[in-house]
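Structural description and commentary
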Amino acid sequence: MSAPGGGISRLVSPRLARASRAVQAGTAAAPARESGLGLAAAGSSAWGVVGGRRPPSSTMPGIDKLPIEETLEDSPQTRSLLGVFEEDATAISNYMNQLYQAMHRIYDAQNELSAATHLTSKLLKEYEKQRFPLGGDDEVMSSTLQQFSKVIDELSSCHAVLSTQLADAMMFPITQFKERDLKEILTLKEVFQIASNDHDAAINRYSRLSKKRENDKVKYEVIEDVYTSRKKQHQTMMHYFCALNTLQYKKKIALLEPLLGYMQAQISFFKMGSENLNEQLEEFLTNIGTSVQNVRREMDSDVETMQQTIEDLEVASDPLYVPDPDPTKFPVNRNLTRKAGYLNARNKTGLVSSTWDRQFYFTQGGNLMSQARGDVAGGLAMDIDNCSVMAVDCEDRRYCFQITSFDGKKSSILQAESKKDHEEWICTINNISKQIYLSENPEEIAARVNQSALEAVTPSPSFQQRHESLRPAGQSRPPTARTSSSGSLGSESTNLAALSLDSLVAPDTPIQFDIISPVCEDQPGQVKASGQGGRRTNPFGESGGGTKSETEDSILHQLFIVRFLGSMEVKSDDNPDVVYETMRQILAARAIHNIFRMTESHLLVTCDCLKLIDPQTQVTRLTFPLPSVVLYATHQENKRLFGFVLRTSGRRSESNLSSVCYIFESNNEGEKICDSVGLAKQIALHAELDRKASEKQKEIERVKEKQQKELSKQKQIEKDLEEQSRLIAASSRPNQASSEGQFVVLSSSQSEDSDLGEEGKKRESEA
């Protein structure tokens, strides 16, 4: 069937050959029509239909038909010609389905364009109602967009009209042809096939009628069946032929009507567009284009400036990309009263575990504020007025420092990114803690205060004269004086004052600014209590059962938060001025060496000793036996400072005694700590007397117990001797019959058996 004019023409009638050639001519002309030659290539009859003129003949040239009058004959030539028309109908159906999909895409795209244009116009109208954080009050932009909205709204109406016209003039004809005509052809084809099969079956039954045994009834039924099936086939075939012939006309109409509707809809749309897009709109668009070019030129100039700024900042900031820059190139500013930057804050998640959160911190007045990334505003982290700040060693992290509030109830451990930030944060918080930020020129005053601290390292011979107005009259104070006090010097010369201070503290005495680890056996500042000997201090804070029980059973058990400032050896331990002079020298040395780190500890005051305990691990850092604390005092002006003198044995010789002064800072509890130490010494005095009496009583009881044990031991020895003699006597009896005079030593079990045997013999004889 691929060459309708070749193999088929030899088998069919001349009419079929003409029909086949006509089909070939039609298929050959189709590409010419599709290539843009227009409707002229389709023949004069097509132009007559499009132009409204009827063709001169009743039939259109080039239209082939099936012979309806030959349907009853149903010859093979008719069936072959029917196959050609069926093949043509199938090709038309496939092509029209593809054309329908293409036109439906045009229709869908036009609907989407219409809806999108309408939505764009609506959004442009709502621009002035929007609340943009930047540039939301631009009236020129709002009026311009309103004008655009009106024009686009008119275009949206035009697109909506075009969509309606495409639905009526383009989609309706091709949809009707696809859903009605092509489906009718398929239905008639199925009905014709069924009728043809029924007719063939009836003819076969009629052909099998017997010639010898004729049955009128059977013959009548077969003839009736042939009549009915042939009539049905004939009628169905005629209708099927008619539908196929009509399809040759409808396929041309189905192709031309949608295209005609599409072109008419587009022409109407362009006419509406030319009416809306007038000269006034063109002038408006020209002005907007000029404004856009001006904005673009301004943007290009600004972008060029920003790019140059970026390049300059990249060159200048290159050293700052290192997380810990060189402090020689970027010196530390110690006069700051405001600072901001990212810090890592430690948050406890359990007894031992903790997490670190990175947040942005900044100072605001006397407050330290924190702000997480994404938050609109910061929140209060801590009040740093009158607070204390110190560098701390925290786990395996560097550059950590701790801030403790003035009442000691709240503390935070933060980590800086670099050494420079670490020192600047400590200096800034220290300056704010002194409320320097309240002055008019805070940085100038901070510089003056720091300079004064640097000058304070110079020995001051008039130390006692600075406190002269605050001291009551008197020659001296008792060694356990709680507050600062000494005799009035009157009009002593500077040389005498310096001489008296040198007699208290040596000028070149080394200062210890940190607490030595408790794992060292011979700690310079730690005194061994009597009875401990050379016992090593437990690094895990467990000092043995006896010491723990004494601490827990102590009548006095008070805990204070303190920060260790330093310690140094002193010459005298009977004058409270030695504590004040030690405070001055330690504070001056911290200022000149920029030492802000202070180790925070818990000071436990009991009737036996003073203990410094690590607040994190509860490890006992230092233990001071209470009898060795010979002097303690609080600073007169700053009640947060206090210290005590500890009398220890010398390092070189046990007979030589030395005194070490320890200085601490507390949370406004210096006087309370001194009161607690005084109370502990009084309780310890009475407890010592009770302890001695108790030890004497225990010694008496131990002697009695020892005597009782010796008496019990003597009785046990006597009992063992009696038992041994009885065993020897029992073992000597059977050996008397030995002719050689030898004896056998029996074991304890054998001796018991022999005794039981003798007793059994005695019982038998008595019976």
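If you're wondering where the values come from, they're calculated on a predicted model, not measured in any experiment.

Definitions and limits used
Residues numbered from 1 in each chain as written. Predicted model: local features only at pLDDT ≥ 70, side-chain atom pairs only at ≥ 80, totals over all residues. Heavy atoms only, no water. Helix = DSSP H or I, 4+ residues; strand = E, 2+ residues; numbered from the N terminus. Buried < 20%, exposed > 50% of the residue type's maximum accessible area, 1.4 Å probe, protein only. Contact = heavy atoms within 4.5 Å. Areas by Shrake-Rupley, 256 points an atom, 1.4 Å probe, with all protein chains shown as cover. Core = buried A, V, L, I, M, F, W, Y, C linked by side-chain atoms within 4.5 Å. Patch = residues over 30% accessible without salt bridge, like charges linked within 9 Å, V, L, I, M, F, W, Y side chains within 5 Å. Salt bridge = Lys/Arg side-chain N within 4 Å of Asp/Glu carboxyl O. Axes fitted to C-alpha atoms, helices over the stretch in contact; angles between N-to-C directions. Parallel < 35°, antiparallel > 145°, perpendicular 65-115°, else oblique. Left-handed = near helix turned anticlockwise from the far one by under 90°. Nonpolar A, V, L, I, M, F, W, Y, C, P; charged D, E, K, R; others polar. Phe/Tyr/Trp six-rings, centres within 6.5 Å; stacked < 30°, edge-to-face > 60°. Lys NZ or Arg CZ within 6 Å of the ring centre and 35° of its normal. Pairing = 2+ DSSP bridges. pLDDT = per-residue confidence, 0-100. Expected span 1.5 Å × (residues − 1). Disulfide = S-S within 2.5 Å.

1. A closer look at the overall build of the protein chain
When you go through the protein chain residue by residue, the secondary structure sums to 14 helices and 15 strands. Per-residue burial over the protein chain gives 34% buried out of 767 residues. Here the contacts in the protein chain between residues at least 6 apart in sequence split such that 66% fall between residues at least 24 apart. On the protein chain, roughly 47500 Å² of surface is accessible, and the fraction owed to carbon and sulfur atoms is 53%.

2. A short note on the nonpolar core
Ranked by size, the top nonpolar core spans 30 residues in total, and within it Met96 and Leu244 carry the most contacts. If we ignore the near neighbours within four places in the chain, the residues touching Leu244 are Leu66, Leu82, Phe85, Ala89 and Ile185. Grouped together as the second largest cluster of nonpolar side chains are 27 residues, Cys607, Phe624, Leu626 and Ala684 included.

3. Side note on the environment of Val222
As for its placement among the helices and strands, Val222 is situated in helix H5 (residues 216-276). What makes Val222 buried here is its relative accessible area of 11%. Spatially, the C-alpha atom of Val222 lies 9.9 Å from that of Arg208, the residues being 14 residues apart in sequence. For Val222, the contacting residues outside a window of four places in its chain are Ala202, Arg205, Tyr206 and Leu209.

4. With respect to the side chain of Ser370
Secondary-structure assignment places Ser370 in strand E3 (residues 367-371). On the basis of relative accessibility, which here comes to 17%, the residue Ser370 falls in the buried class.

5. Thoughts on a nonpolar patch on the surface
A cluster of nonpolar side chains, contributed by Met299, Val303 and Met306, occupies part of the molecular surface with about 260 Å² of accessible area. As for its placement among the helices and strands, Val303 is situated in helix H6 (residues 279-316). Look at Val303 and you get partly exposed, because its relative accessible area is 34%.

6. A few points about the packing of helix H3 (residues 76-125) against helix H4 (residues 139-207)
To describe two helices that pack against each other, one gives the angle between their axes and the distance between the axes. Closest axis-to-axis distance for the H3/H4 pair is 7 Å, and the angle between their directions is 160°. The pairing of H3 with H4 is recorded here as roughly antiparallel in orientation. Note that H3 runs across H4; the crossing there is left-handed. Across the contact of H3 with H4, the residue classes break down as 26 nonpolar, 17 polar and six charged.

7. Notes on the packing of aromatic side chains
Scanning the model with the defined rule gives 13 aromatic pairs in all. Measuring from centroid to centroid gives 6.2 Å for Phe360 and Phe362, while their planes differ by 35°, and the two rings are tilted. On the basis of relative accessibility, which here comes to 26%, the residue Phe360 falls in the partly exposed class. Classification of Phe362 by relative accessible area gives buried; the value is 18%. Ring geometry for Phe644 and Phe664: centres 5.8 Å apart, planes at 20°, overall stacked. Residue Phe644 is found in strand E14 (residues 641-649), and its partner Phe664 is found in strand E15 (residues 657-666); the two are separated by 20 residues along the sequence. For the residue pair Phe644 and Phe664, the accessibility class agrees, reading buried in each case. Above the ring of Tyr100, the side-chain terminus of Lys178 is found at 5.1 Å from the ring centroid. Above the face of the Tyr342 ring, Arg358 is positioned so that its terminal group lies 4.3 Å from the ring centre.

8. Quick notes on unusual backbone geometry
If a residue is not glycine, its phi is most likely negative; likewise, a peptide bond is most likely trans. In this structure, Tyr399 is a non-glycine residue whose phi angle is positive, near 55°. With respect to the helices, strands and loops of the structure, Tyr399 is situated in strand E6 (residues 397-404). A residue is classified by how much of its surface remains accessible, and Tyr399, at 17% relative accessible area, is buried. Residue Gln435 is not a glycine yet carries a positive backbone phi of 60°. By the element assignment, Gln435 lies in the loop between helix H7 (419-433) and helix H8 (442-455). The exposure class assigned to Gln435 is partly exposed, which follows from its relative accessible area of 34%.

9. Things to note about the environment of Lys409
Tracing the sequence through the fold places Lys409 in the loop between E6 and strand E7 (411-415). The exposed category is assigned to Lys409, whose relative accessible area is 75%. The spatial distance from the C-alpha of Lys409 to the C-alpha of Asn667 is 9.4 Å, given a sequence separation of 258 residues.

10. Here we look at the sheet that holds strand E1 (residues 340-348)
If you walk across this open sheet you meet the seven strands as E4-E3-E2-E1-E7-E6-E5, and the pairing is antiparallel. The open sheet has two edge strands, strand E4 (379-383) and strand E5 (388-394), and neither has a second partner. Across the sheet, the mean angle from the axis of one strand to that of its neighbour is 40°, orientation sign disregarded. The strands touched by H7 within the sheet are E1, strand E2 (354-364), E3, E5 and E6, with E6 carrying the most contacts at an inclination of about 10°.

11. A closer look at the confidence of the model for the protein chain
Mean pLDDT for the protein chain: 76, with 74% of residues reaching 70 or above. Note on residues 517-550: pLDDT under 50 across the span, and 45 contacts to partners over four residues away in sequence or across chains.

12. Brief notes about the pairing of strand E10 (residues 599-606)
A regular strand carries its side chains on alternate faces of the sheet. The buried count for E10 comes to eight of eight residues, which makes it a mostly enclosed element. Burial along E10 is two-sided: Thr599, Ser601, Leu603 and Val605 and Glu600, His602, Leu604 and Thr606, pointing in opposite directions, are all buried. Inspection of the sheet shows strand E9 (residues 557-570) paired to E10 by eight bridges, in the antiparallel sense. What sits directly across from Leu559, in E10, is Leu604. In terms of strand pairing, E10 meets strand E11 (residues 609-613) through four bridges, oriented antiparallel. Residue Leu603 lies in a different strand from E11, and its bridge partner there is Leu612. Hairpin geometry of E10 and E11 is characterised by an intervening segment of two residues between the two adjacent antiparallel strands.

13. A word on the packing of H3 against H5
Running from N to C, H3 and H5 point in directions that differ by 30°, and their axes come no closer than 11 Å. On the basis of the axis angle, H3 is roughly parallel to H5. Here H3 runs over H5; the crossing is left-handed. Here the residues of the contact of H3 with H5 sort into 19 nonpolar, four polar and four charged.

14. Looking at H7
With 15 residues, H7 extends 21 Å from end C-alpha to end C-alpha; this agrees with the ideal 21 Å at 1.5 Å per step. Along H7, the residues classified as buried are His422, Glu424, Trp425, Ile426, Cys427, Thr428, Ile429, Asn431, Ile432 and Ser433. Backbone geometry just downstream of H7 places Gln435 in the positive-phi region, at approximately 60°.

15. Looking at the state of the cysteines
Within this structure, the stated rule accounts for zero disulfides. This cysteine, Cys609, is not joined by any disulfide, and Cys607 carries the nearest cysteine sulfur, 9.9 Å off.

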